[in-house]
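# Working through the structure, step by step
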Amino acid sequence: MNFKKALSLICIGTAGATLAFAQTKRPAVNTDEAKMNAFVSQLMAKMTVDEKIGQLNLVTGGEATTGSVVSTDVESKIAKGQIGGIFSLTTPQRIRKAQEIAVTKSRLKIPMIFGQDVIHGYKTSFPIPLALAASWDLDLIQRTARVAATEATADGLNWAYSPMVDIVRDARWGRVAESSGEDEYLGSQIARVMVKGLQGDLKGNNTMMACVKHFALYGAAESGRDYNTTDMSLDRMYNVYLKPYKAAIDAGAGSAMVSFNDINGTPATANKWLLTDVLRKQWGFKGFVVSDYTGVSELIEHGLGDLQQVSALALKAGTDMDMVSEGYLKTLKTSLQQGKVTIADINNACRLVLEAKYKLGLFQDPYKYCSEERAKTEIMTPANMKFSRDAASQTFVLLKNANKTLPLKKAGNIAVIGPLGNTGANMPGTWAVNADLATTPSLLEGLKAVAGNKANITYSMGSNLTADATLQKNGTMFGREIPRDDRPEAEVIEDAVKAAKKADVVIAALGEGSEMSGESSSRTDIGIPDVQKRLLEALLKTGKPVVLVLFTGRPLTIKWESENVPAILNVWFGGSQAAYAIADVLFGDVNPSGKLPITFPQNVGQVPIYYSHKNTGRPLAKNGWFTKFRSDYLDVSNDPQYPFGFGLSYTTFSYSDVKLSSATLRPGSTITATVTVTNTGSMEGKETVQLYTRDLVGSTTRPVMELKGFKKVSLKPGESKQVSFNISEEDLKFYNAQLKYVAEPGDFKVFVGPNSADVKESKFTLLSK
Ligand code: NOJ
């Protein structure tokens, strides 16, 4: 096709611009933006209302250009200009074919945008986001996003439904696996680097547009039940939950995806306050907003009206693009004729979608991302796979290591036991939609490859994933199925016990199937499934040393395991090369350094549990147990099983007291908190040093601790390093009752340590001037 001709067609004249459109034209702030404005204005001047509405329609490709879940006639719709973008269509060939229809057959030849859930890697899969957060390594996380974008764009895509930045404090919610955990500071840092990693400067053909999601507060779904209602104070919203979204927007995220949930009585998709007042007016967001899957038509079930009514509500609220519902396509024109939406509403949304395409360079070259050569050479490269292995090994959290059970020797008899010990497909984790599950090595394969031939490694399944076959089926879908052994449970366990008795050490590969967390995977019992626990008990009774290799997409309740199993390595779901990475850590080639980005509760009744809670008027004394009329439980202490920031190493670290450069902080200056960290063990290791503060007196109540900084340092045995953090007035700011972002003069505590529960403290005063 002659694309230059198509482009010139698009660029001719502005004569048809409507008055409403002229009103929506924004002033240009720089030359690039001025050029974009002019280009988009000229194009929109030629568009019919139908074509404008078409730009707001996002359909799923279902890996075909003909036929999809909702839209039955994708090809002819593209030709009619009724589709603005497609998601879940991959490969340069297929995407080129679809794009060709748009830029040769549609009247104005407007290219489409192609999106997908590129979340923790692409074909080279990286650890799940919760695991990546456990690395506390921003550079590493940014590099995973860069590789993901490189691979995804090599496969034709240009729009990633990532980063997911929902704060999560309720481990029942399965989507905690996709998050960076409970903390707004860590979450905001990660949001920022994810956007940078995906988007770069958005110029090259290996960068893609980020879509920060799910805006907003999705992670606070009541009862941890997916898609459920959120009801939240402005204090919590502004000081905690909204912060990572804002960080992603500030980092330049080009688009945002609306969350499914109801927020204080108005579902996000129809929430004008959220999408227009907060996102656009308060934060100055200039990108476009897409609904989540059928989010627009789901407003009908929320009880806001019929398809026409809810589509108008969503558009007017600020949802620019309608994913899958086709409510916009079917009803907006009628709504316009009936005065339920204005042409300005449609123009605004259309302009934003076209601008995104402009920023991606699609008007210059609609096939910019369709390189078969790149698809052949840039996906799942040895370098990417090696990086995936290295990255995974940085995310594992050593929760317990009694008697130096770990690291293991690459020798002797090792029994790998458990339903997760010999399944490769389960390793990449929930959003590894493009991972090559069939070639992903299992833990058993990884251990054999890394141990070499001095070790004799055997495998026995020992138990099913869950006793209930239906639960197992639901927890291992999408090609991650794990075979079942239908013999009586005792027989299956007996086989494993026999294998354990012959071994020097047992590696128990237990936990969740990868689809037991993620979307639509909430659980009320967040323990290791009972049948696996019975297996574990039997293994422990053999008296052999047992290492629990814990697979999970959420904090699990592992009190009993923590009290009874000598060593626990939490490995989450570690991506394409997780098997080798786990072996690297188990055999001590890599010293574990991950730290929990989320609190592990003792039991599910403590949920939601998080370190930065408020003090209450009746706090329980530190390390206290039940005390009548204090804020506590009769049956369990307030302490978590493992606190936020926790993680062991094969070596040990000691911390000096915290030294402050001054006892007072003046606005406009900084003070420095310094500790000396020493490697007191015999192995080189990495330690993430964490800085927290507490505002002792505020105009509103303030959390007992807030993370304000962290630094990961590497130390040789015996080596000491000084680790310093600058603290400025900016770091002490919060949204007060009037939603003003202020730092209030007064006394602050500062804490430094290896995790949120084990810190050294000091004190300073913020002066008023
Ligand atoms: C629904 C999910 O909530 C969202 O995270 C995802 O991006 C879309 N589906 C598209 O797959």
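Since we're looking at a predicted model, the values are computed, not measured.

### Overview of the packing of aromatic side chains
Here the structure, examined in full by the defined rule, presents 24 aromatic pairs. Each ring, one from Y227 and one from F260, has its centre 5.2 Å from the other, and the planes form 85°; the classification is edge-to-face. Of this pair, Y227 sits in the loop between strand 5 (209-215) and helix 10 (234-241) while F260 sits in the loop between strand 6 (255-258) and strand 7 (262-263), and the two are 33 residues apart along the sequence. You can call F260 buried: its relative accessible area is 6%. In this structure, R702 is placed above the aromatic ring of F734, and the distance from its NZ or CZ to the ring centre is 3.8 Å. Between the NZ or CZ atom of K711 and the centre of the ring of F725, over which it lies, the distance is 5.2 Å.

### Structural notes on the side chain of N261
Here N261 lies in the loop between strand 6 and strand 7. A polar contact of 3.3 Å, which involves the side chain of N261, links it to the backbone oxygen of A216. There is a polar contact of 2.7 Å between the side chain of N261 and the side chain of S259. Those residues within four positions of N261 in sequence are excluded, and the remaining contacts are A216, L217, Y218, Y227, N228, T230, P267, A268 and H302.

### Describing helix 21 (residues 489-501)
For helix 21, which comprises 13 residues, the first-to-last C-alpha distance of 18 Å matches the rise-based estimate of 18 Å (1.5 Å per residue) to within 8%. Buried within helix 21 we find V492, I493, A496, V497, A499 and A500. Seen end-on, helix 21 carries its buried residues on one side only, within an arc spanning 160°. Across from the buried face of helix 21, at angles greater than 90 degrees, the exposed residues are A490 and K501. Elements that come into contact with the buried residues of helix 21 comprise strand 12 (412-417), strand 13 (455-460), strand 14 (505-511) and helix 22 (530-541).

### Side note on the pairing of strand 21 (residues 685-695)
The buried fraction of strand 21 amounts to ten of the eleven residues, a majority that puts the element mostly inside the structure. Relative to strand 26 (residues 746-755), strand 21 runs antiparallel, the two being bridged by six bridges. By the bridge assignment for strand 26, D695 is matched with F748.

### So, the environment of N57
If you trace the backbone, N57 turns up in strand 1 (residues 57-60). Considering only alpha carbons, one finds N57 and S593, 536 residues apart in sequence, at a separation of 45 Å. Those residues in contact with N57, other than ones at most four positions away along the chain, are Q82, I83, G84, G85, M321, D322, E326 and L329.

### A word on the nonpolar core
By size, the foremost hydrophobic cluster in this structure holds 82 residues, and its most contacted members are F551 and L586. Considering every element that reaches this core, the biggest residue donor is helix 24 (residues 578-586), with seven residues. Each residue touching F551, except ones within four places of it in the same chain, is listed here: L420, M427, L443, A509, L510, G511, E512, L556, V571, W572, F573 and I582.

### Thoughts on the sheet that holds strand 19 (residues 664-665)
Strand order in the open sheet made by the five strands is 19-27-26-21-22, with mixed pairing throughout. Of all the strands in the sheet, just strand 19 and strand 22 (706-715) have a single pairing partner and so form its edges.

### So, the domain arrangement of the protein
Looking at the protein, the domain boundaries give domain 1 (377-597) and domain 2 (653-766). Residue-level contacts link five residues of domain 1 with nine residues of domain 2. Between domain 1 and domain 2 the total buried area reaches about 590 Å² when both faces are included, carbon and sulfur atoms providing 42% of it. Sorting the residues of domain 1 by area buried against domain 2 places N591, S593 and K595 first, and these three jointly supply 72% of that buried surface. The interface formed by domain 1 and domain 2 includes one salt bridge.

### Here's the deal with the pattern of salt bridges
Counted by the stated rule, this structure contains 36 salt bridges. R389 serves as the salt-bridge partner of D584, at 2.8 Å between the closest nitrogen and oxygen. Within this pair, whereas D584 is found in helix 24, its partner R389 is found in helix 18 (residues 382-393), the two being separated by 195 residues in sequence. Residue E512 is joined to R523 by a salt bridge in which the shortest nitrogen-to-oxygen separation is 2.7 Å. Taken together, the residues E512 in the loop between strand 14 and helix 22 and R523 in the loop between strand 14 and helix 22 connect sequence positions eleven residues apart. Since its relative accessible area comes to 0%, E512 is described here as buried. Within this structure, D485, R487, E491 and D495 form a network of salt bridges that share partners.

### Describing the site of the ligand
Around the ligand sit F87, D117, Y161, R175, K213, H214, M257, F260, D292, Y293, W431 and E519, and that is every residue in its neighbourhood. Between the ligand and R175 there is a distance of 2.6 Å, counted from an oxygen atom to a side-chain nitrogen or oxygen. Within the contact set of the ligand, an oxygen atom lies 2.8 Å away from a side-chain nitrogen or oxygen of K213.

### A short note on the pairing of strand 11 (residues 397-401)
Burial analysis of strand 11 places five of its five residues in the buried class, the great majority of the element. Bridge count for strand 11 against strand 16 (residues 567-570) is four bridges, and the pairing is antiparallel. Bridging across to strand 16, V397 finds its partner in N570.

### Focus on the sheet that holds strand 13
Spatial ordering of the open sheet is given by 11-16-15-14-12-13, a layout of six strands whose pairing is mixed. Pairing within the sheet leaves two strands with one partner each, and these edge strands are strand 11 and strand 13. On average, adjacent strands in this sheet sit at an angle of 20° to one another, irrespective of strand direction. With six bridges joining them, strand 12 and strand 13 adopt parallel strand pairing. Within strand 13, the residue paired with I414 across the bridge is I457. Of the strands in this sheet, strand 14, strand 15 (546-551) and strand 16 are in contact with helix 24, which crosses strand 15 at around 145°.

### With respect to the environment of T90
Along the chain, the position of T90 falls in the loop between strand 2 (85-87) and helix 6 (92-105). Along the sequence, T90 and Q116 sit 26 residues apart, while their C-alpha atoms lie 8.5 Å from each other.

Calculation rules
- Residues numbered from 1 in each chain as written.
- Predicted model: local features only at pLDDT ≥ 70, side-chain atom pairs only at ≥ 80, totals over all residues.
- Heavy atoms only, no water.
- Phe/Tyr/Trp six-rings, centres within 6.5 Å; stacked < 30°, edge-to-face > 60°.
- Helix = DSSP H or I, 4+ residues; strand = E, 2+ residues; numbered from the N terminus.
- Buried < 20%, exposed > 50% of the residue type's maximum accessible area, 1.4 Å probe, protein only.
- Lys NZ or Arg CZ within 6 Å of the ring centre and 35° of its normal.
- Polar contact = N/O pair within 3.5 Å; in protein donor to acceptor, adjacent residues only side chain to side chain.
- Contact = heavy atoms within 4.5 Å.
- Expected span 1.5 Å × (residues − 1).
- Arc of directions from axis to C-beta.
- Pairing = 2+ DSSP bridges.
- Core = buried A, V, L, I, M, F, W, Y, C linked by side-chain atoms within 4.5 Å.
- Domains from an automatic or database assignment.
- Buried area = accessible area lost by both parts, 1.4 Å probe.
- Salt bridge = Lys/Arg side-chain N within 4 Å of Asp/Glu carboxyl O.
- Near = heavy atom within 4 Å.
- Axes fitted to C-alpha atoms, helices over the stretch in contact; angles between N-to-C directions.

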